[in-house]
Amino acid sequence: MKKTLTALVLALSATVALAEYPEKPIEVIVGYSAGGGTDVMARTVAQFLEQELGEGASVVVKNMPGAGGQIGFTEVAGAAPDGYTLGTFNLPAALALTKDRTADYDADSFTYLANFVEDPNTITVAASSPFQTLGELLDAAKADPGAITLGLSSLGGNDHFGANMMAAASGAEFTLVPFKGASNARTAIMGGHVAAGTMALGQTSNFPDELRVLAVLANERSPFRPDVPTAKELGFDVQMSSLRGIVAPAGMDDATTKQLRDALTAVNANPAFQAMMAEQGNPIAFMVGDDFAETAAKQDGVAAQIWAETPWK
C-alpha cells in the first residue's frame, strides 16, 4: 500500500511539473533587427503562442542582430535546453554561415520545432527591362556569357544559391553582383544598374509597377502571384526559398518538445493567425518536427555543395 501511494504521489508530481511549464517568460531570439520579415513573423507567432500555452504564459521577442544572423543563432544554440530560450531559424542562411566562417553551431545544434514561412526566390527585372520572359533573359546570358548582371542581397544565402542553381540548370552564365541587403539589390534592379536579380517573392510584393517577376523558383505558383510561372513550368527544375521557423537548443526533453510542437501546430491552425500572416504577405509552409529537421539537413547539403564548388569568400 505504501509503495502504491508513493508511486501515485510521484506520478502526480510529474504531471503538475509538466503542467507548470512555462513558469517564467519564454524568450524568442531573433538574429535580425526589429521590423524585418523574420522579426514580424516572430512577433506574430509569439502573440498566438502565448494563447496556446495557456493563462499566464509570456513569450517575449528579443532582437540580437549582427553577423548576418550568426549572433542570434549562436545564442540559441548555446542556451539551456529548458524551453525558455527559443529562436528564429532562417534557411539556408543560418547553415550557410557555418561554411564560410568559424561558427559555434551546426545543423545538429538545435531542436527543430516548426517552420512557418517559405518565401520562394524569383528571377526579377525592372518593369522597364527589355526582357519580357525568363527565356529571353537566359538566351541573352547564353549568347554573351557574363554580360548579364544579376543582383543579389548578399553572397552565401538563398539569393546566391538560387542564382547558381538557375545558371547550372539553364547553362546560362551570369555575372553576380552582391549588395548589402535586399533593399539595395532591389533599388539596383529597379534602376537598371543590373540586368536582373534574384530575390524572395515577398521582397517584390510592394513594387508591382517597378518590378517584373519573370519566374518563381518553386514547385507551384504562389497564391500571392498566381500569374507568374514557376521555373519548373518553364523547363528548369530549380527550387530555392527563404524559410523562417522556430527552433530550440538541442537536447530539450521530449515532454517540453512535444508541448511546444503541439502549441505551434495549434498556432498555425488558428484562422486569425493565418489571416494575419496573409495580410503581412507571409506565405505559410508549415513543417513541424522531423520534417523541419530533414529540410534543414537538405539545405545544409546544398550550402556545402555550393561552397565546395564556388566558394563565396
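Residues numbered from 1 in each chain as written. Predicted model: local features only at pLDDT ≥ 70, side-chain atom pairs only at ≥ 80, totals over all residues. Heavy atoms only, no water.

**Q** Any chance you could break down the overall build of the protein chain for me, citing the residues and the numbers?
**A** Along its length, the protein chain carries ten helices and ten strands. Since a compact globule built from 313 residues should have a radius of gyration of about 20 Å, the 22 Å found for the protein chain is in line with a globular shape. Projected onto its principal axes, the C-alpha positions of the protein chain cover 85 × 40 × 30 Å. For the protein chain, the proportion of its 313 residues judged to be buried stands at 48%. The long-range share in the protein chain, meaning contacts at least 24 apart out of those at least 6 apart in sequence, stands at 77%. Here the protein chain has roughly 14,100 Å² of accessible surface; of this, 53% comes from carbon and sulfur atoms. (Helix = DSSP H or I, 4+ residues; strand = E, 2+ residues; numbered from the N terminus. Rg over C-alpha atoms; globule rule 2.2 N^0.38 Å. Buried < 20%, exposed > 50% of the residue type's maximum accessible area, 1.4 Å probe, protein only. Contact = heavy atoms within 4.5 Å. Areas by Shrake-Rupley, 256 points an atom, 1.4 Å probe, with all protein chains shown as cover.)

**Q** Give a description of the pairing of strand β4 (residues 110-126) that names residues and reports values.
**A** Summarising burial for β4: 16 of the 17 residues are buried, a large majority. When β4 meets strand β9 (residues 241-249), the two strands line up antiparallel, connected through nine bridges. Bridge pairing in β9 links Val117 to Arg244. Here β4 pairs with strand β10 (residues 284-288) via three bridges, running antiparallel. Opposite Val117, over in β10, you have Ile284 as the bridge partner. Note that β4 and strand β7 (residues 196-200) share four bridges and pair antiparallel. By the bridge assignment for β7, Thr124 is matched with Gly197. Two strands pair when backbone bridges link them, and β4 and strand β8 (residues 211-216) are joined in this way by five bridges, in the antiparallel orientation. Directly across from Ile123, in β8, lies its bridge partner Ala215. (Pairing = 2+ DSSP bridges.)

**Q** Explain the packing of aromatic side chains to me, using residue names and the numbers behind them.
**A** Throughout the structure, instances matching the rule amount to 14 aromatic pairs. Both rings, one in Tyr32 and one in Phe73, keep their centres 6.2 Å apart while their planes meet at 75°; by these two values the pair is edge-to-face. Note that Tyr32 is positioned in the loop between β1 (26-30) and α2 (37-53) and Phe73 in helix α3 (residues 70-77), a separation of 41 residues in sequence. Accessibility expressed as a relative area gives 23% for Tyr32, which makes it partly exposed. Under the relative-accessibility criterion, Phe73 is labelled buried at 2%. Geometrically, the ring pair formed by Phe73 and Phe89 is edge-to-face, given 5.8 Å between the ring centres and 70° between the ring planes. Here Phe89 lies in strand β3 (residues 85-91) and Phe73 lies in helix α3, a separation of 16 residues in the sequence. On the accessibility criterion, Phe89 (1% relative accessible area) is buried. Connected via pairs of aromatic rings, a cluster forms that spans Tyr32, Phe73, Phe89, Tyr105, Phe110, Tyr112 and Phe292. (Phe/Tyr/Trp six-rings, centres within 6.5 Å; stacked < 30°, edge-to-face > 60°.)

**Q** Go over the pattern of salt bridges, please, and point to the residues and values.
**A** Note on pairing: side chains with opposite charge can pair once their charged atoms come close. According to the stated counting rule, one finds seven salt bridges in the structure shown. Of the charged contacts in the structure, one is a salt bridge between Asp100 and Arg101, with a shortest N-O distance of 2.8 Å. Residue classification places Asp100 among the buried residues on the basis of a relative accessible area of 15%. (Salt bridge = Lys/Arg side-chain N within 4 Å of Asp/Glu carboxyl O.)

**Q** Break down the packing of α2 against helix α8 (residues 254-269) for me, with residues and values.
**A** Geometrically, a packed helix pair is captured by the angle between its two axes and the distance between the axes. Interhelical geometry of α2 versus α8 gives an angle of 115° and a closest axis separation of 9 Å. By crossing handedness, the relation of α2 to α8 is classed as right-handed. Residues Val45, Phe48, Leu49, Glu52 and Leu53 of α2 pack against Gln259, Ala263, Leu264, Ala266 and Val267 of α8. Residues of the contact of α2 with α8, tallied by class, amount to eight nonpolar, one polar and one charged. (Axes fitted to C-alpha atoms, helices over the stretch in contact; angles between N-to-C directions. Left-handed = near helix turned anticlockwise from the far one by under 90°. Nonpolar A, V, L, I, M, F, W, Y, C, P; charged D, E, K, R; others polar.)

**Q** Before we move on, can you summarise the nonpolar core with the specific residues and values?
**A** Leu49, Leu86, Leu113, Phe116, Ile246 and Leu264 are the most contacted members of the largest nonpolar core, which totals 29 residues. Elements supplying a minimum of two residues to this core: β1, α2, β2 (59-63), β4, β9, α8 and α9 (271-280). Formed by 22 residues, the second largest nonpolar core is a distinct cluster that contains Val125, Leu150, Ala172 and Ala231. (Core = buried A, V, L, I, M, F, W, Y, C linked by side-chain atoms within 4.5 Å.)

**Q** Describe the side chain of Thr122, with residues and values.
**A** Tracing the backbone shows Thr122 in strand β4. Thr122 sits in the buried class, given a relative accessible area of 0%. Among all residues touching Thr122, those that are not within four sequence positions of it are Gly197, Thr198, Met199, Ala200, Leu201, Thr204, Val213, Ala215, Val216 and Leu217.

**Q** Help me get a handle on α9, residues and values and all.
**A** Within an α-helix, residues lying three or four positions from one another point in the same direction, as the helix has 3.6 residues per turn. The backbone nitrogen of Ala272 lies 2.9 Å from a side-chain oxygen of the residue at the head of α9, namely Asn270. Two residues or fewer after α9 comes Gly281, characterised by a positive phi angle close to 80°. (Polar contact = N/O pair within 3.5 Å; in protein donor to acceptor, adjacent residues only side chain to side chain.)

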